[in-house]
Every structure is written in structure tokens, then in C-alpha cells.
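# Residue-level structure breakdown
One letter stands for each residue in the lines below.
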Amino acid sequence: MQGGPLDHVALWTDERDALADFLCERAGMHVIDKTDAFTLVGADAKRGKLTLFEADGPREPGALGHVGLTVHDAELAGDVSAPGGLELQLVDHREGAEWDLHHVRLRVPDPKRAVDEFIQLGFEAGDGPESVTAGDKTIYFVEGENGDAQKPLLNHLALLVDSYKEHVENARERGLEYEEVDAANTWAVFVTGPYGIRVEYVEHKPGFALQ
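Residues numbered from 1 in each chain as written. Predicted model: local features only at pLDDT ≥ 70, side-chain atom pairs only at ≥ 80, totals over all residues. Heavy atoms only, no water.

One open sheet accounts for 7 strands, arranged E6-E7-E5-E8-E11-E10-E9; its pairing is mixed. Taken across any chain shown, the strands that pair with only one partner, and hence form the sheet edges, are strand E6 (78-81) and strand E9 (124-125). As paired elements, strand E10 (residues 131-134) and strand E11 (residues 137-143) share 4 bridges and run antiparallel to each other. Within the sheet, the bridge partner assigned to Thr133 lies in E11 and is Thr138. With respect to the sheet, helix H2 (residues 111-120) is in contact with strand E8 (101-108), E9, E10 and E11, its orientation differing from that of E11 by roughly 150°. (Pairing = 2+ DSSP bridges. Helix = DSSP H or I, 4+ residues; strand = E, 2+ residues; numbered from the N terminus. Contact = heavy atoms within 4.5 Å. Axes fitted to C-alpha atoms, helices over the stretch in contact; angles between N-to-C directions.)

See below:
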């Protein structure tokens, strides 16, 4: 698989409106798109975003430790609890855009195995032994049980790619289970990575119009 930058982190939530309002009011984001099934929020449609899928609750953290967002203010930096059980870490990082995705922290039983398998899925090796990168964003793995959550908070991680079809062919050649999705502004293919963590490879359609 050939990876790309981290496009979005998708969550299941039973507090979609409350979480979207929180992110807009406290995290410099706005609603980019909203349907009956999901709300897409971010500071810019072409940078890191959060997709909030409507789901029964309450949701369990499962593999998701927290989502890191970039801020340009040291006084804002720190850990923040958002509605629906989402934990955020605001990181004072002056390079790049504010309120972009900075990193994701995941809990897995075997971080080394997770790193090895995520590299096979197109992520790059990180600076540390228990991390991978997607563009300039980092996925950190820490040892811990994800609890085999029946109603997990994390839906998937999405990488922006030039051609989702190439990833369909790659998944087929490797015998991976995959699911194709044709949405209004994107094409995508989903595969399941280690510990049930799903990865989406998403391509923007030529008429991509979200802002």
C-alpha cells in the first residue's frame, strides 16, 4: 500500500451535535459538511478533520487514547475532555496551520506488531520505535488493552491518496478484505488493520467542493 497524509479521524458518537458544537466553539473548527449519518468538522476541508458518525451510545474509548490538535498558543496547550468521551490533546506547535490534526494516540496490546503492520498499510516509520507517520502527522502506539469494545469510539483513520483504485488492486492482490465507497466528494476503499483498526484510503473527486 502507498500511504499519504492523514486526512481525517472518524469517530462513532452518540453526542454528534454536542461534540460538533464543542469543536467549533473550543477548537477553532467549523462544520464542513453534515448529512443524516455524519458531521464533518475541521478548520479547513483540505487539512486534517474529524468525521463524527451518528451511533448508539454510550461509546467506549477502545483503542483510541486521544486525538492531538495543533494550537499556536502555549496557554491553550493541554488535555481537554470533549463530549461523547473524546479526549483531546492540544499541542503548542507553531509550524503549519492552527487547529489541524497533530497526532493520534492508540492503545494496542503489542505496539511493535501494530507499527510493523501499519507500515505494511502504507504508513511510514516514525522517529520513535512505537510510532508511524502519515505525512507530517504521527500515530503513537502505547501498550494497553483496548477492551474489545463493543461500541468503540474510533471508526477509522483516513489517508489522502492520489488513486484509491490502486489501493483496491493492492488489497485484492494481498488477499485483504476491503470495502469500496463512492461518496459525493470522494472515492474511498477501507481495509482492516491490526486489532480491528480500520484504515481508509480516500481520493478527492475532481469536483471536490468542500471548504
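Past the structure itself, the notes keep going.
With that settled, consider the environment of Ala97. Following the sequence through the fold, Ala97 ends up in the loop between strand E7 (87-92) and E8. Distance from Ala97 to Ala43, taken between C-alpha atoms, is 8.8 Å for residues 54 residues apart in sequence. With near-sequence residues (within four places) excluded, Ala97 lies in contact with Arg47, Thr70 and His72.

Turning to the side chain of His66, a few remarks are in order. Here His66 shows up in strand E5 (residues 64-71). Taking the relative accessible area as the measure of exposure, His66 reaches 10% and is therefore buried. Once residues within four sequence positions are removed from consideration, His66 is found in contact with Glu87, Leu88, Gln89, His103, Val104 and Arg105. (Buried < 20%, exposed > 50% of the residue type's maximum accessible area, 1.4 Å probe, protein only.)

Turning our eyes to something else, we now look at a negative patch on the surface. Side chains of Asp110, Glu130, Glu143 and Glu145 sit close together on the surface and give a patch of like negative charge. Inspection of the secondary structure assignment puts Glu130 in the loop between E9 and E10. (Patch = residues over 30% accessible without salt bridge, like charges linked within 9 Å, V, L, I, M, F, W, Y side chains within 5 Å. Areas by Shrake-Rupley, 256 points an atom, 1.4 Å probe, with all protein chains shown as cover. Salt bridge = Lys/Arg side-chain N within 4 Å of Asp/Glu carboxyl O. Lys, Arg positive; Asp, Glu negative; His and termini not counted. Charge placed at Lys NZ, Arg CZ, Asp CG, Glu CD.)

A few words now on the environment of His93. The topology assignment puts His93 in the loop between E7 and E8. Classification of His93 as partly exposed rests on a relative accessible area of 30%. Counting along the chain gives 69 residues from His93 to Cys24, while the straight-line C-alpha distance between them is 20 Å. Not counting residues up to four positions away in its chain, the partners in contact with His93 are Thr70, Val71, His72 and His102.

With that settled, the discussion passes to the sheet that holds strand E12 (residues 154-160). With mixed pairing, 8 strands are arranged side by side in an open sheet as E2-E3-E4-E1-E12-E15-E14-E13. The open sheet is flanked by strand E2 (30-34) and strand E13 (178-182), the only strands paired with a single partner. Geometrically, the sheet is characterised by an average inter-axis angle of 25° between neighbouring strands, direction not taken into account. Bridging between strand E1 (residues 6-13) and E12 involves 5 bridges; their strand directions are antiparallel. Bridged to Ala10 within E12 is His156. Most of the contacts of helix H1 (residues 16-26) go to strand E4 (residues 49-54), to which it runs at about 165°, and overall it touches E1, E2, strand E3 (38-42) and E4.

Considered for burial, the residues of helix H3 (residues 164-173) that qualify are Tyr164, His167, Val168 and Ala171. In a view along the axis of H3, the buried residues occupy a sector of 105°, so they form one face of it. Facing away from the buried side of H3, by more than 90 degrees, are the exposed residues Glu166 and Glu173. The first or second residue beyond H3 is Gly175, which carries a positive phi of 75°. (Arc of directions from axis to C-beta.)

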